[in-house]
Amino acid sequence: MQNWNLIFGILIISSPILFSMIAFPDSIAWSWNEGRGGYFFALVFVIAELLGLKIVISKRRLLGVVPIALVTITYLVLLEYGLRDYMIGSANQFNVQLLDSWTWMWDFVIMAIFIVVALSIFFGKRWIRIAPAGPIFLTGTAIILSLDAFFPYDTLGPLQYIVPYFVQANVWVITVLDLGTAIARDNVMFLRGDHGSMALQVFWPSAGVHSIIIFSLVIGAFMLKMNIPRNRKVIYFILGIIGTITVNLIRIFSLSWYALKVTTDAQAWEEYHQIAGEIMFLPWLFAFILVVIMIESRRLKKKTEQIPTN
């Protein structure tokens, strides 16, 4: 029997994100700091965690979330009628350095607040164990955007610290594979390939440091839900971080390869750069979670089969 109240609950909680995707499709850019592409992945998290639940949400709780969803949708509409301009105008008062990250940050803050409030109304305090991944993903993205807005490029030392090591590792790979000439100097790579020379300056967002932070938050929430021994949670977490670092190294390598083998045209390269990170990181995040679920499901099944029946 279908849990129709739960399905209606999913539709209500999804409505602001679906509205933004339908009404303002141009805003769904896949670069992490240039659009609402993260909305889609947060929506996938929310739906994946809620589908199949046996919990019945009362009609009163469902109706309680509808006005909040409408307020959130109203916020998205008002952005197109002067609210975004007001945000941009207020940026100077807060010493904002990057306006795009500042305005997109508020989109993720508002959506994170809406989903947390909606889940709290649906499930009470239990929401943190039922469906934490979506809100944590949105909140993590908002935090990263705020850091980028106030401390862009290399002004935030701790996050920039590991970038030169990534750059040196990338130069070593290029040299070993004989793809061209590559020289590392701090966070700058000097490349010469089939289409000429190009200098790439790598800052912490381009190196994928933000993805390590977001991965840590989402996987931390995911592990909180799983009923497995703590040492296995730690192992999965460490393996996930190592995998995310590897994905980031592949990302930097792909950006270098594009300059060495495809084009040194700045505009064409920038278009590739805008999507390269999320195309690699987000599938990796979902794939890692899926693999963990499959492994633990098989372990649980074997464990259940070994229990003698009377």
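Structure shown above.
## Some remarks on the sheet that holds strand β1 (residues 181-185)
- Read from one edge to the other, the open sheet built from three strands follows the order β1-β2-β3, with strand pairing classed as antiparallel. The open sheet has two edge strands, β1 and β3 (196-201), and neither has a second partner. Geometrically, the sheet is characterised by an average inter-axis angle of 15 degrees between neighbouring strands, direction not taken into account.
- Across six bridges, strand β2 (residues 188-193) lies against β3 in antiparallel orientation. Paired with Val188 across the bridge in β3 is Gln201.
- The sheet strands contacting helix α8 (residues 163-177) are β1 and β2, and the helix crosses β1 at an angle near 165 degrees.

## As for helix α3 (residues 59-90)
- In this model α3 runs just 41 Å from its N-terminal to its C-terminal C-alpha over 32 residues, more than 12% under the 46 Å that 1.5 Å per residue would give.
- The largest bend in α3 amounts to roughly 80 degrees and is located at Glu80.
- Among the residues of α3, Leu62, Val65, Ala69, Thr72, Ile73, Tyr75, Leu76, Leu79, Arg84, Met87 and Ser90 are the ones counted as buried.

## Quick word on the pairing of β1
- Bridging between β1 and β2 involves five bridges; their strand directions are antiparallel. Bridge pairing links Ile183 to Phe190 in β2.
- Here β1 hands over to β2 after two residues, with Asp186 in that stretch at a positive phi of 60 degrees.

## Quick notes on the pattern of salt bridges
- A full pass over the atoms with the stated rule returns five salt bridges.
- Note that Asp194 is salt-bridged to Lys261, the shortest N-O span being 3.4 Å. Pair noted here: Asp194 is in the loop between β2 and β3 and Lys261 is in helix α10 (residues 230-262), with a separation of 67 residues, a long-range link.
- Residue Asp194 is classed as exposed on the basis of its relative accessible area of 54%.
- Where Glu296 meets Arg232, a salt bridge forms, and the shortest distance between an N and an O atom there is 3.0 Å. Of this pair, Glu296 sits in helix α11 (residues 266-305) while Arg232 sits in helix α10, placing them 64 residues apart in sequence.

Conventions adopted
- Residues numbered from 1 in each chain as written.
- Predicted model: local features only at pLDDT ≥ 70, side-chain atom pairs only at ≥ 80, totals over all residues.
- Heavy atoms only, no water.
- Pairing = 2+ DSSP bridges.
- Helix = DSSP H or I, 4+ residues; strand = E, 2+ residues; numbered from the N terminus.
- Axes fitted to C-alpha atoms, helices over the stretch in contact; angles between N-to-C directions.
- Contact = heavy atoms within 4.5 Å.
- Expected span 1.5 Å × (residues − 1).
- Bend = angle between axes of the 7 residues up to and from the residue.
- Buried < 20%, exposed > 50% of the residue type's maximum accessible area, 1.4 Å probe, protein only.
- Salt bridge = Lys/Arg side-chain N within 4 Å of Asp/Glu carboxyl O.

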